[in-house]
Amino acid sequence: MALPPPGNDRAAIVTGASSGIGEEFAKILTRRGYQVVLVARRVDRLEDIAARLGANAHPLPTDLSDRDDRASLPDRVDALGLVPDILINNAGLSTLGVVAKSVPEKELNLVEVDVAAVVDLCSRFLPGMVDRQLGAVLNLASVAALGPLPGQAAYAAAKAFVLSYTHGLRGELRGTGVVATALCPGPVDTGFGDAAGFTKEEADAALPRAMWVPADKVAKAGIDGLAAGKSVVVPGGVNRVSAPLFRVAPPGLMLPLLTRNHPAMKRR
Ligand SMILES: NC(=O)c1ccc[n+]([C@@H]2O[C@H](COP(=O)([O-])OP(=O)(O)OC[C@H]3O[C@@H](n4cnc5c(N)ncnc54)[C@H](OP(=O)(O)O)[C@@H]3O)[C@@H](O)[C@H]2O)c1
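Residues numbered from 1 in each chain as written. Predicted model: local features only at pLDDT ≥ 70, side-chain atom pairs only at ≥ 80, totals over all residues. Heavy atoms only, no water.

- The chain appears in an unreviewed UniProt entry as Serine 3-dehydrogenase from Mycobacterium simulans.
- On record in UniProt, under Sequence similarities (unreviewed entry), the comment for the chain is "Belongs to the short-chain dehydrogenases/reductases (SDR) family." (UniProt positions renumbered as here; feature names shortened; annotations may be inferred.)

**Brief notes about the site of the ligand**
Right, so step 1: Around the ligand, the structure places 29 residues, and the nearest of them are Ser18, Arg41, Asn90, Tyr155 and Thr190.
Right, so step 2: In this structure, Ser18 approaches the ligand through a side-chain N or O atom, which is 2.7 Å from an oxygen atom.
Right, so step 3: For the shell around the ligand, a count of residues per class yields 13 nonpolar, 12 polar and four charged. (Near = heavy atom within 4 Å. Polar contact = N/O pair within 3.5 Å; in protein donor to acceptor, adjacent residues only side chain to side chain. Nonpolar A, V, L, I, M, F, W, Y, C, P; charged D, E, K, R; others polar.)

**Comments concerning helix α5 (residues 153-173)**
Right, so step 1: The end-to-end C-alpha distance of α5, which contains 21 residues, comes to 30 Å, matching closely the 30 Å that a straight helix rising 1.5 Å per residue would cover.
Right, so step 2: Within α5, burial applies to Tyr155, Ala156, Ala158, Lys159, Val162, Leu163, Thr166, Leu169 and Leu173. For α5, the arc enclosing every buried residue in end-on projection is 160°, short of the 170-degree limit, so these residues lie on one face.
Right, so step 3: In this structure, the buried residues of α5 make contact with α4 (104-132), β5 (135-140), β6 (178-183), α6 (192-196), β7 (232-233) and α9 (237-248).
Right, so step 4: Gly175 sits one or two residues past α5 and shows a positive phi near 80°. (Helix = DSSP H or I, 4+ residues; strand = E, 2+ residues; numbered from the N terminus. Expected span 1.5 Å × (residues − 1). Buried < 20%, exposed > 50% of the residue type's maximum accessible area, 1.4 Å probe, protein only. Arc of directions from axis to C-beta. Contact = heavy atoms within 4.5 Å.)

Laid out in structure tokens, this is it:
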């Protein structure tokens, strides 16, 4: 299964394209000749990235935590004269800290962006792809999707949702000409840790260097996996070996270790 071919009116939508892995997706896809729709909130960053990527990059400032903003996306893509063949649900964030001390609005914002936006955009863009019998959807999960994570409980659960949802989609999409893949990176050095509230020292101490994969390599692994029709892509050799162990290990065995090592649990 190859990716839908690029064309002057064919688009790849990349959410969270204003930094990190999303910016790398946008670079790869514009290099391959796709029209790329850049979705995120920070207008200045989107415009700066679009200016560097050239005429095939189209900034579409959107707050994915806002239901009306999400609902407006198909019409805004259509107004650009573009047909969405590829959807990369990459935007995401984590909160940090124990649920008992959490801020409800921040936890719900995580659920809106990491979960509801993925569901919403799949619901809005998949019907057209299925009608055209052509499309590809890449959803950003995480190795954190494979087990519980005390200190980032909502984040791991949100990514577990995305992983399960993408497996379900694959089953539904069999024979339609549309493919869905989940990308499960380990740690990646982007704005993600900062936005969550990790210090660099905490992140480095909690996660061995061998697990870290650069954002450009993660994005390329995701695109290649999507083009190959894979169900799940785990970038990085160490992560690929450890991910299945994390998935099958009984929570009772893993929880004491995870609880002891997580920076948020040490701050309590
Ligand atoms: N970095 C890691 O270690 C790691 C590991 C596994 C999985 N992931 C996943 O990879 C994806 C990309 O993360 P990253 O590492 O590239 O982090 P990042 O550099 O912080 O990028 C996150 C992106 O999400 C966008 N975003 C956040 N809230 C948004 C909102 N309300 N509306 C629209 N866009 C929003 C941000 O754009 P604006 O702020 O401009 O809106 C930004 O472009 C996420 O889904 C993350 O969970 C990351």
